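Remarks on the overall topology
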Amino acid sequence: MSSAVLYLAIVAVWAMVLVPMWLRRDTEATGLTRLLHKRSDEPLVEDVEEEPVDVPAPRPRRRSSRAAIIARRRRRTTGLATLLLTTTAVAASGLAPWWITAPPTVLMAGHLALLRVAVGMDTARRQAAAQSRARARARAREALLTTETAEVIELPTPEEVFDQYAPDRRAVGE
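The text that follows walks through the structure, step by step, so that each part is easy to find. (Residues numbered from 1 in each chain as written. Predicted model: local features only at pLDDT ≥ 70, side-chain atom pairs only at ≥ 80, totals over all residues. Heavy atoms only, no water.)

A word on helix 3 (residues 66-93)
Inclusion rule: Where helices and strands are cited, they refer to DSSP runs of H or I of at least four residues and of E of at least two residues respectively, numbered from the N terminus. The length a helix should cover is 1.5 Å for every residue beyond the first. Burial classes: relative accessible area under 20% of the type maximum marks a residue as buried, over 50% as exposed, and values in between as partly exposed (1.4 Å probe, protein chains only).
Taking 1.5 Å as the rise per residue, helix 3 with 28 residues should run 40 Å; its terminal C-alpha atoms sit 41 Å apart, in good agreement. Listing the buried residues of helix 3 in full gives Gly79, Leu80, Leu83, Thr87 and Ala91.

Written out as structure tokens, the structure is:
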């Protein structure tokens, strides 16, 4: 059997890895729209003086959100599953030897093992956050219970209530 199938498999694996990396880098650094809508009317003469272009400072990388991490894991799982199914179909059809299924199988097994560890870490992080919230609620509840209640003091009621508008009341200068 020729090695064309092996080369095709290598190209497919690299395409699955490098093309998304290239596209992601392009959209982060320069914008995919600049690449897709490149102007063809740019001058080809080298003597034309170019105005200095303000290049924006690179943005600091933000931490990935939870949804982005899950989407990345899902894409990787889908890609590896597709690769494994493709190599299995190629080997089953007799176009390639059976051992071409070994690398995708090892990659898929390693990826699933990493996902299992990630699930354990996520569960531990969620439990720690829940325990922290429970401790904070318990401290707040305890603080409410330990606060002293105010003592109500009975004030004596005067016999005569002061009324400033009573007819027998006069201002100082009257």
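Some thoughts on a nonpolar patch on the surface
Counted only if it meets this: Grouping into patches uses exposed residues only, defined as over 30% relative accessible area, and leaves out salt-bridged ones; the cut-off is 9 Å for like charges and 5 Å for nonpolar side chains (Val, Leu, Ile, Met, Phe, Trp, Tyr). Under the convention used here, a 1.4 Å probe and the Shrake-Rupley method define accessible areas, while residue burial counts only the protein chains that appear. What counts as a salt bridge is simple: a side-chain nitrogen of Lys or Arg found within 4 Å of a carboxyl oxygen of Asp or Glu.
A cluster of nonpolar side chains, namely Leu6, Tyr7, Ile10, Trp14, Met16, Val17, Leu18, Met21, Trp98 and Trp99, defines an oily patch on the protein surface of about 1100 Å² accessible area. Counting through the fold element by element, tryptophan 98 comes out in the loop between helix 3 and helix 4 (102-146).

Concerning the environment of alanine 102
Its place among the elements puts alanine 102 in helix 4. For alanine 102, a relative accessible area of 36% corresponds to the partly exposed category. Through-space distance from the C-alpha of alanine 102 to that of leucine 84 is 8.9 Å; in sequence the pair is 18 residues apart.

What to know about the pattern of salt bridges
Enumeration according to the criterion identifies 3 salt bridges in this entry. The partner of arginine 125 in a salt bridge is aspartate 122, with the nearest N and O atoms 3.2 Å apart. One end of the pair, arginine 125, and the other, aspartate 122, are both in helix 4, 3 residues apart, so they sit about a helical turn from each other.

Note that all results are geometric; they support no functional claim without further evidence.
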